[in-house]
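Below, each chain spelled out in residue letters.
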Amino acid sequence: MPSPHLRLPLSRRGFLTAGAAVGAALALTPLPARAAAGARRPCPFGRYGSPAARLTPQTRYVAPSGHGDFTTVQSAVSAVSGGGWTLVIAPGTYRETVAVDVTRTGMTWLGAGDDPRDVVIVHDNAAGTPKPGGGTYGTTGSATTLVQADGFTARGITFANDWLRADHPDISGTQAVAIKVQGDRSAFHHCRFLGHQDTLYADSMALAVFARQYFAHCYVEGDVDFVFGRATAVYEHCHFRTLNRTDLASAPYGFVFAPSTAGANPRGYLVTGSRVTSDAPDAYYKLARPWVPSSDRTARPSLTVRDTHLGPGIDAIVPYANMSDDFPWQNQRFAEYRNTGPGAVVSVPGNRPQLTAEQAGSATREGYLGDWTPWKESR
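Residues numbered from 1 in each chain as written. Predicted model: local features only at pLDDT ≥ 70, side-chain atom pairs only at ≥ 80, totals over all residues. Heavy atoms only, no water.

### Let's talk about the overall build of the chain
- Across its full length, the chain holds four helices and 25 strands.
- For the chain, buried positions account for 55% of its 379 residues.
- Within the chain, counting contacts between residues at least 6 apart in sequence, those at least 24 apart form 72% of the total.
- Roughly 15000 Å² of accessible area belongs to the chain as shown, and the carbon and sulfur atoms make up 54% of that amount. (Helix = DSSP H or I, 4+ residues; strand = E, 2+ residues; numbered from the N terminus. Buried < 20%, exposed > 50% of the residue type's maximum accessible area, 1.4 Å probe, protein only. Contact = heavy atoms within 4.5 Å. Areas by Shrake-Rupley, 256 points an atom, 1.4 Å probe, with all protein chains shown as cover.)

### A word on the pairing of strand β11 (residues 186-189)
- Side-chain alternation along β11 places Ser186 and Phe188 on one buried face and Ala187 and His189 on a second face that is also buried.
- In terms of strand pairing, β11 meets strand β14 (residues 212-216) through four bridges, oriented parallel. Across the sheet, His189 pairs through a bridge with Ala216, a residue of β14. (Pairing = 2+ DSSP bridges.)

### What about unusual backbone geometry?
- The omega torsion across Ala251 and Pro252 is 0 degrees, close enough to zero to call that bond cis.
- As for its position among the elements, Pro252 is in the loop between β18 (239-242) and β19 (254-259).
- In this structure, Asp225 takes a positive phi of about 50 degrees despite not being glycine.
- Counting through the fold element by element, Asp225 comes out in the loop between β15 (219-222) and β16 (227-229).
- Look at Asp225 and you get buried, because its relative accessible area is 6%.
- Backbone geometry at Ala283 places phi at a positive 65 degrees, although glycine is not the residue there.

### Observations concerning the side chain of Arg104
- For Arg104, the location among the structural elements is in the loop between β4 (98-100) and β5 (108-111).
- A polar atom in the side chain of Arg104 sits 2.7 Å from the backbone oxygen of Val77.
- Those residues within four positions of Arg104 in sequence are excluded, and the remaining contacts are Val77, Ser78, Val80, Gly82 and Ala149. (Polar contact = N/O pair within 3.5 Å; in protein donor to acceptor, adjacent residues only side chain to side chain.)

### Notes on the sheet that holds strand β9 (residues 158-161)
- Strand order across the open sheet formed by eight strands is β3-β6-β9-β12-β15-β18-β21-β24, with parallel pairing between neighbours. The open sheet has two free edges, formed respectively by β3 (92-95) and β24 (309-310), since each of these has just one partner strand.
- Direction of pairing for β9 relative to strand β12 (residues 192-194): parallel, over a ladder of three bridges. Bridge pairing links Thr158 to Arg192 in β12.

### A few points about the sheet that holds strand β8 (residues 153-155)
- Pairing in this open sheet of 10 strands is parallel, and the strands run β1-β2-β5-β8-β11-β14-β17-β20-β23-β25 from one edge to the other. Among the strands making up the open sheet, the edge pair consists of β1 (59-62) and β25 (333-337). Pairwise comparison of adjacent strand axes, ignoring direction, gives a mean angle of 10 degrees for this sheet.
- Bridge count between strand β20 (residues 269-272) and strand β23 (residues 302-306): four bridges; the pairing is parallel. Bridge pairing links Val271 to Val305 in β23. (Axes fitted to C-alpha atoms, helices over the stretch in contact; angles between N-to-C directions.)

### Section: the packing of aromatic side chains
- Evaluation of the coordinates by the stated rule reveals 21 aromatic pairs.
- Where Trp109 meets Phe159, the ring centres are 6.2 Å apart and the plane angle is 25 degrees; that geometry is what we call stacked. Residue Trp109 is located in strand β5, and its partner Phe159 is located in strand β9; the two are separated by 50 residues in the primary sequence.
- According to the relative accessible area criterion, Phe159 is buried, its value standing at 0%.
- Geometrically, the ring pair formed by Tyr201 and Phe228 is stacked, given 4.0 Å between the ring centres and 20 degrees between the ring planes. Linking Tyr201 in strand β13 (residues 200-202) with Phe228 in strand β16, this pair joins segments that are 27 residues apart in sequence. (Phe/Tyr/Trp six-rings, centres within 6.5 Å; stacked < 30°, edge-to-face > 60°.)

### Re the pairing of β5
- Of the two faces of β5, the one lined by Thr108 and Leu110 and the one lined by Trp109 and Gly111 are each fully buried.
- By the bridge criterion, four bridges tie strand β2 (residues 86-89) to β5 in an arrangement that is parallel. Along β5, the bridge assignment pairs Leu87 with Trp109.
- Pairing analysis gives three bridges linking β5 to β8, with the strands arranged parallel. Bridge pairing in β8 links Trp109 to Ala154.

### Topic: the nonpolar core
- Within the largest apolar cluster, 60 residues are counted, with the highest numbers of intra-cluster contacts made by Trp109, Phe188, Tyr235 and Phe240.
- For Phe240, the residues in contact, after removing those within four places along its chain, are Val220, Phe226, Val227, Tyr235, Val256, Phe257, Val271, Ser274, Arg275, Val276 and Thr277.
- Core analysis: the next-biggest nonpolar cluster, separate from the first, contains nine residues, Tyr214, Ala216, Val234 and Trp375 among them. (Core = buried A, V, L, I, M, F, W, Y, C linked by side-chain atoms within 4.5 Å.)

### Thoughts on the environment of Asp118
- Here Asp118 is to be found in the loop between β5 and β6 (119-123).
- The spacing of Asp118 and Thr158 is 40 residues in sequence and 7.9 Å in space, taken between C-alpha atoms.

### What about the confidence of the model for the chain?
- Per-residue confidence for the chain gives a mean pLDDT of 88; residues scoring 70 or more make up 85%.
- This stretch, residues 1-43, has a pLDDT under 50; its non-local contacts, to residues over four places away or in other chains, come to 101 contacts. (pLDDT = per-residue confidence, 0-100.)

### Concerning the environment of Thr71
- By the secondary structure assignment, Thr71 is in the loop between β1 and α1 (73-79).
- For Thr71, a relative accessible area of 42% corresponds to the partly exposed category.
- The sequence separation of Thr71 and Tyr61 amounts to 10 residues, and the corresponding C-alpha distance is 8.6 Å.
- Setting aside chain neighbours within four positions, we find Thr71 in contact with Val62, Ala63, Pro64, Gly66 and Tyr94.

Okay, here's the thing in structure tokens:
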């Protein structure tokens, strides 16, 4: 019998979850054992929440059924002010755009399901989508979710942009962001990020701001530059999947990473203990290319991939490419260490720089994130 303080008030009945087991077909890094099929929980947090959070007066419930405090995520965000709020989000598909501005610090979103697939926040704007009143959205404006506040945490949620090139042959601006994260100390645990071009935009609020971000046990899919930006970001135990494409006849289909790290920032992207798989033909994807944006020609993109399995979808002979010949990848800060798999084979001297053991000693989550330790909260 569960303790009384975990019982769900009748007004929150929409947060009970079925807890059905998910089989091996789940395209996500394996997670702890799931609840027995058909089990029901008296706690509104599924597998990804903390029962203690329900006891705080700064918790609000979101459910499309109307059994919560709000029926949309944005209405819940807009209704609270200041820092420290927790949103418990019931299973469902939330077709909306959501923005968390800089004033709403320390916000936490908890997916109240047994799997990140249960709670989906999705919209379908692209950079070239016309805006009401004129103009287009641009890359940043295409984001389904925008997080600018520091101290944001999300657990067990899918962030998606389902805009498709095939449905809009007249639009040339095909960047379609699922989430743009700019805040410092932003953490995502057991989340999914779905899109095609520019899926996960891990960035900062300004060139001189070195925002730290942490992604643990997450799944990210896309095709062109689908993890990009200038944040100091650690991706630990994540699964990156490159998509097949029917609109191209030859390689490359795209690029997994496109960091745009500021030149003054000593740390860019760190990928560790992860894996890269593919729906596309073998060797049709590059691991990365550097992005030096027009707004910062002094950028020196930084990416380290270590202890990660690279599947055959990655071109092992030429794993990196240039976004602009003015900024060749060889002049950037790209490195690897102890990667495995057919996409990690070092077959051409100089084609993939390797860290020394001494250099790898500082290429760790602790070295990148300093006194912030979000992995202690990971489950």
